Amino acid sequence: MTDETTTISGARAHLECLECNRQYDLYQVLYRCPECDGLLMVEHKEDALHTLSATQWKNVFSARMASFDHPWSSGVWGKKEWVLPEIQDEHIVTLGEGRSPLVGLPRLAGELGLAQLWLKQCGITHTGSFKDLGMTVLVSHVRSLRARGIPIRAVACASTGDTSAALAAYAAAADIPTVVFLPAGKISLAQLVQPISNRSLVLSLDTDFDGCMAIVRAVTSADPALYLANSLNPLRIEGQKTVSIELAQQLNWKVPDWVVIPGGNLGNVSALGAGFRMLKNAGLIDRFPRICVAQSANANPLYESFRAGLNELTPMQARSTLASAIQIGNPVSFPRARRTLREFDGVVEQATEEELANAAARADLHGMFTDPHTGVALACLFKLVNSGVIRSRESVAVVSTAHGLKFADSKTAYHAGQLPLRAEYRNEPVQLPADEQRVLQVLHERLGD
Ligand SMILES: [Zn+2]
């Protein structure tokens, strides 16, 4: 019998090309297949994981979920053998990521006619977004590469805000320098101040995210001592896939009928699929949920591709959206996402600015404080319920990707009526003199008798 402190031996992982299936050592620094330029995935020797029964794994995971010890106190590293099995514990850089709340919204589920509705609060974490889940793995891996003598001077990424915040924090914890490439004027103040505080070299470029991505790819290939941290890098997907494992664990190893997830660069949906795939292979769940990728109508290349049969993706110029982290016109992980959508009987829906802002505000009426990306996911959920694709009495988990406090500016503008849209749930402060009678009058008007 295995207890929670044991690292299960024999588990191994390698890099594998999604296109030509060539295999590479995990400790080679590669971002794409050297033979065919295909995307790489981390593939696990799952037979080794299957030396434990499903029941044994459930017991291991549940014991670790209750542990305060390094590294099990991290929601990601409590699943270590499924994530990065060979890493040494002293190389693991954790800031307490994962173990995020799964919040039930029974009243909203009732309004929608659903059996159950949950918000998986991945933004309730150290830097305020789900990116922490992938970055703990990437930065830990960089630390183990450096320990093997591989010269890495700094880690670099392009970002719409959240990725750079996560990279800067984890790398600072590990004392590794970082360079972040941000589109000037396109990220929130809260997101910009995070890498600045963690002493990143912040390069603000006069372009959009896709332009920053092109630059960082060129720079990291010209200078191999700069390590690329974008989601092109498959290490991040390994951490992000613990969302599905944790979600199933929180539902006592059941899966909802649907999982709705916002999609920009599309690493996240690929990760979600990878987690469920490993769970089913190991017998911890007996079926897959269906997956909906939710896109902003202003940055919807996957939606357009889905409508045309998912055979290819035509890059577009992404337009400005409140959901700034998914304002991406040329998603790097499209081939990975397509595989997941096909395997999980997936759909892609889109939400306009008005739909996403109102959906976020509607969820807030239930005690949430929803960021615009989760607003996109919720708006798409509402549309799929209306169109009958999601049927009544089904259960749905919505993946919330960021903390609403990162978007206090746009949420304030919504309630002040300053956005160019019809704010259905607008709620402004009432300006009053400090006069008891006037206050009583307003209370009577607003709250009734
Ligand atoms: Zn290849």
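No experiment lies behind these values; they were computed from the predicted model shown.

Parameters and conventions
Residues numbered from 1 in each chain as written. Predicted model: local features only at pLDDT ≥ 70, side-chain atom pairs only at ≥ 80, totals over all residues. Heavy atoms only, no water. Buried < 20%, exposed > 50% of the residue type's maximum accessible area, 1.4 Å probe, protein only. Helix = DSSP H or I, 4+ residues; strand = E, 2+ residues; numbered from the N terminus. Pairing = 2+ DSSP bridges. Donors = N, O, S within 2.8 Å, 3.2 Å for Na, K, Ca; no water. Tetrahedral: all angles 85-135°; square planar, octahedral: opposite > 155°, others 65-115°. Axes fitted to C-alpha atoms, helices over the stretch in contact; angles between N-to-C directions. Expected span 1.5 Å × (residues − 1). Contact = heavy atoms within 4.5 Å. Patch = residues over 30% accessible without salt bridge, like charges linked within 9 Å, V, L, I, M, F, W, Y side chains within 5 Å. Areas by Shrake-Rupley, 256 points an atom, 1.4 Å probe, with all protein chains shown as cover. Salt bridge = Lys/Arg side-chain N within 4 Å of Asp/Glu carboxyl O. Right-handed = clockwise from strand over helix to strand, strands pointing away.

Engineer: Hey, could you go over the pairing of strand β1 (residues 13–17) for me, with residue numbers and the actual values?
Structural biologist: Burial analysis of β1 places 4 of its 5 residues in the buried class, which makes it a mostly covered element. Note that β1 and strand β3 (residues 40–44) share 5 bridges and pair antiparallel. Opposite A13, over in β3, you have H44 as the bridge partner. In terms of strand pairing, β1 meets strand β2 (residues 23–24) through 2 bridges, oriented antiparallel. Within β2, the position partnered with E16 by the bridge is Q23. What sits between β1 and β2 in their antiparallel hairpin is a turn of 5 residues, with N21 showing a positive phi close to 65 degrees.

Engineer: Lay out the coordination of the zinc ion with the relevant residues and their values.
Structural biologist: The zinc ion binds to the protein through C17 (SG), C20 (SG), C33 (SG) and C36 (SG), with metal-donor distances spanning 2.3 Å. One can describe the donor arrangement at the zinc ion as tetrahedral, given that its 4 donor atoms subtend angles of 97 to 119 degrees at the metal. For the zinc ion, the single-chain donor residues occur in sequence as C-x2-C-x12-C-x2-C.

Engineer: So what's going on with the sheet that holds strand β9 (residues 226–228)? Which residues, and what values?
Structural biologist: Pairing in this open sheet of 4 strands is parallel, and the strands run β8-β7-β6-β9 from one edge to the other. Edge strands, defined here as strands with exactly one partner in the open sheet, are β8 (201–205) and β9. Within the sheet, the average angular offset between the axes of one strand and its neighbour, ignoring direction, is 25 degrees.

Engineer: Describe helix α8 (residues 209–222), and please don't skip the residues or the numbers.
Structural biologist: Working note: α-helix, 3.6 residues per turn, so residues spaced by three or four point in the same direction. For α8, which comprises 14 residues, the first-to-last C-alpha distance of 20 Å matches the rise-based estimate of 20 Å (1.5 Å per residue) to within 8%. If you check which residues of α8 are buried, you get F209, D210, G211, C212, M213, V216 and T220. Structurally, α8 contributes buried residues whose contacts are with β6 (154–158), β7 (178–183), β8 and β9.

Engineer: Requested: an account of a nonpolar patch on the surface, with residues and values cited.
Structural biologist: Residues V430, L432, V439, L440, L443 and L447 make up a contiguous nonpolar surface patch of about 500 Å² in total accessible area. With respect to the helices, strands and loops of the structure, L432 is situated in the loop between α16 (408–415) and α17 (436–447). The exposure class assigned to L432 is partly exposed, which follows from its relative accessible area of 32%.

Engineer: Describe the pairing of β6, with residues and values.
Structural biologist: Of all 5 residues that make up β6, 5 are buried, and the element is covered over most of its length. Alternating positions in β6 separate into two faces, A154, A156 and A158 on one and V155 and C157 on the other, with burial throughout. Note: β6 against β9, 3 bridges, orientation parallel. Directly across from V155, in β9, lies its bridge partner Y227. Assessed by its sense of winding, the connection that carries the chain from β6 through helix α6 (residues 162–173) to β7 is right-handed.

Functional significance is not addressed by these values, which are geometric in nature.
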